[in-house]
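Examining the three-dimensional arrangement
In case you want the letters, here they are:
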Amino acid sequence: MNSHISDRILTVNQQIESACKHAGRTRDSVQLLAVSKTRSADEVRSAVAQGLTHFGENYLQEALDKIEALSDLELEWHFIGPIQSNKTRPIAEHFDWVHSVDRLKIGQRLSEQRPEGMEPLNICLQVNISREESKSGCDPNEAPALAKTLSELPGVRLRGLMAIPAATDDPAEQHRAFADLRQLLEQICSELPDLDTLSMGMSGDLIPAIEEGATIVRIGTALFGPRAPKPATTTD
């Protein structure tokens, strides 16, 4: 396991390095976020042994169990999945970042429920950049006003934007969607100049994402390998 993940981490870091060089950027301008959803605590521990410290989770209870099991390690935990309003409290209490704030109600609840004494929770506004009906995220046209309101909440710190564009193998389409999100952030930064984060790009499109300005890439399969299929269910 360790040798496999070591090889994969090396390959991903080489891809990031190459994309940064092509875009005239420094390697340290891009954070590698290891998406550890469905992965065991032992798998995460193996990744930590290879130098990874930032992990993204989609499923709350699984994530909380993992955070507890790995509490002896200094890790940064990012929640990147859809958020139900009745699940915000444990997210506010246990995570360092939330990438999937897509409406004001979620931001308000995270702000109110962030425990006193903790640093403000870093959040990204999720934007439905491809305007897909099946995707979470606010409408791009609504993003500037929503970002302004989120930036004023006391318990959270708006860092930037996140998006999951429509899946495509067409490099031109990949670049277009990421460029749209970058341009939207640039527009919002005219009023909120402290925003510094573009969370975009996954295993299949991290290179165009970095070339268009990604500061966080969310990588799962390319680091941990294919996920095991869910066991088939049978009925008698």
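Here the structure is a predicted model, which means the values were calculated and not measured. (Residues numbered from 1 in each chain as written. Predicted model: local features only at pLDDT ≥ 70, side-chain atom pairs only at ≥ 80, totals over all residues. Heavy atoms only, no water.)

When its secondary structure is counted, the protein chain shows nine helices and eight strands. Here the C-alpha radius of gyration of the protein chain, 18 Å, is about what a compact globule of 236 residues would show, namely 18 Å. Dimensions of the protein chain along its principal axes, counting C-alpha atoms only, are 45 × 45 × 40 Å. Residues counted as buried form 47% of the 236 residues belonging to the protein chain. Sequence separation of 24 or more characterises 58% of the internal contacts of the protein chain that already satisfy a separation of 6 or more. Carbon and sulfur atoms form 47% of the exposed surface of the protein chain, whose accessible area is close to 12000 Å². With 24 positive and 35 negative side-chain charges, the protein chain shows a spacing of 1 Å between the two charge centroids. (Helix = DSSP H or I, 4+ residues; strand = E, 2+ residues; numbered from the N terminus. Rg over C-alpha atoms; globule rule 2.2 N^0.38 Å. Buried < 20%, exposed > 50% of the residue type's maximum accessible area, 1.4 Å probe, protein only. Contact = heavy atoms within 4.5 Å. Areas by Shrake-Rupley, 256 points an atom, 1.4 Å probe, with all protein chains shown as cover. Lys, Arg positive; Asp, Glu negative; His and termini not counted. Charge placed at Lys NZ, Arg CZ, Asp CG, Glu CD.)

Next up on the list: the nonpolar core. Core analysis: the biggest nonpolar cluster contains 63 residues, and Phe55 and Leu125 have the highest contact counts within it. Leave out the neighbours within four places in its chain, and leucine 125 touches Val101, Asp102, Cys138, Ala143, Leu146, Ala147, Leu150, Leu158, Gly160, Leu161 and Met162. Counting residues in each nonpolar core, the second largest holds seven residues, with Val35, Trp97, Met162 and Ile216 among its members. (Core = buried A, V, L, I, M, F, W, Y, C linked by side-chain atoms within 4.5 Å.)

Let us now look at unusual backbone geometry. The backbone of threonine 38 sits at a positive phi, close to 70 degrees, despite the residue not being glycine. With respect to the helices, strands and loops of the structure, threonine 38 is situated in the loop between strand 1 (31-35) and helix 2 (41-49). The class for threonine 38 is partly exposed, based on a relative accessible area of 44%. If you check the backbone angles, arginine 131 has positive phi at about 55 degrees while not being a glycine. With respect to the helices and strands, arginine 131 occurs in the loop between strand 5 (121-126) and helix 6 (143-151).

In this section: the UniProt feature "domain: Alanine racemase N-terminal" (unreviewed entry) in the protein chain. Cross-referencing UniProt, the feature "domain: Alanine racemase N-terminal" (unreviewed entry) maps to residues 26-226 in the present numbering. Annotation note: span residues 26-226, helix share 37%, strand share 19%, distance between end C-alpha atoms 29 Å. (UniProt positions renumbered as here; feature names shortened; annotations may be inferred.)

Now for the pairing of strand 3 (residues 76-79). Looking at chain direction, strand 2 (residues 54-57) and strand 3 are connected through four bridges and run parallel. Bridge assignment links histidine 54 to a residue of strand 3, and that residue is glutamate 76. You can see the chain leave strand 2, run along helix 3 (residues 60-69) and come back into strand 3, and the turn it takes is right-handed. In this structure, strand 3 lies alongside strand 4 (residues 97-101), joined through two bridges in parallel fashion. Bridging from a neighbouring strand, histidine 78 pairs with tryptophan 97 of strand 4. Traced from strand 3 through helix 4 (residues 88-94) to strand 4, the parallel crossover comes out right-handed. (Pairing = 2+ DSSP bridges. Right-handed = clockwise from strand over helix to strand, strands pointing away.)

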